[in-house]
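# Chain and residue survey
Residue strings, one per chain:
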Amino acid sequence: MPTLLAEMPEQEFCSLVHDAQKGSDQAIQTLLKLFEPKMEKLSWFIRMPREDSKQYMRLGLLQMIQNNIAAK
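All values derive from a computational prediction rather than experimental measurement. As a convention, each chain's residues are numbered from 1 in the sequence order in which they are written. Thresholds applied to this predicted model are a pLDDT of at least 70 for local features of residues and 80 or more for the giving and counting of side-chain atom pairs; totals over whole chains, interfaces and linings are not thresholded and use all residues. Computation of side-chain values: all heavy atoms of the structure, hydrogens and water removed.

This part covers the packing of helix 1 (residues 10–21) against helix 2 (residues 25–43). Packed helices, taken two at a time, are described by the angle their axes make and the gap between the axes. Here an angle of 0 to 180 degrees is reported between the N-to-C directions of two axes, which are lines fitted to C-alpha atoms, with helices fitted over the stretch in contact. Only runs of H or I of at least four residues qualify as helices and only runs of E of at least two qualify as strands under DSSP, and these elements are numbered from the N terminus. The geometry of helix 1 relative to helix 2 is characterised by a closest axis approach of 8 Å and an angle of 130 degrees between their N-to-C directions. One element, helix 1, and the other, helix 2, form an angle in the oblique class. Classified by chirality, the crossing of helix 2 by helix 1 is left-handed. On helix 2, the residues touching Phe13, Leu16, Val17, Asp19 and Ala20 of helix 1 are Ala27, Ile28, Thr30, Leu31, Leu34 and Phe35. For this scheme, ten residues count as nonpolar: Ala, Val, Leu, Ile, Met, Phe, Trp, Tyr, Cys and Pro. Four count as charged, namely Asp, Glu, Lys and Arg, and the remainder, Gly too, count as polar. When its residues are assigned to classes, the contact of helix 1 with helix 2 shows nine nonpolar, one polar and one charged. Under this scheme an angle from 65 to 115 degrees is roughly perpendicular, one under 35 degrees roughly parallel, and one over 145 degrees roughly antiparallel; angles in between are oblique. It is the rotation of the near helix from the far one that decides the hand of a crossing: anticlockwise by less than a right angle makes it left-handed, clockwise makes it right-handed. Whether two residues touch is decided by their heavy atoms; if any such pair falls within 4.5 Å, the residues are in contact.

Here we come to the environment of Leu5. Within the secondary structure, Leu5 sits in the segment before helix 1. Accessible area is worked out with a 1.4 Å probe on protein chains only. A residue is then buried under 20% of its type maximum, exposed over 50%, and partly exposed in between. Of the residues examined, Leu5 reaches a relative accessible area of 26% and is grouped as partly exposed. Sequence separation between Leu5 and Glu36 is 31 residues; the distance between their C-alpha atoms is 9.5 Å. Look past the residues within four positions of Leu5 in its chain and what remains in contact with it is Phe13, Leu34 and Phe35.

Structure follows, in structure tokens:
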């Protein structure tokens, strides 16, 4: 399993997102782990405590996954 988002083939990423949309806790944890380095970098530019901004981004990612389920 790749540890960086850029290392993951598109088909594998799509499959992971699909599994997360079906409610797979493992897929959700993997997605959060893959996006963690990006969220860490972005947290420096958000004017709030870093942990709060990363938590906000995690929540946003989870909401995007859940909202896609509701749209189907």
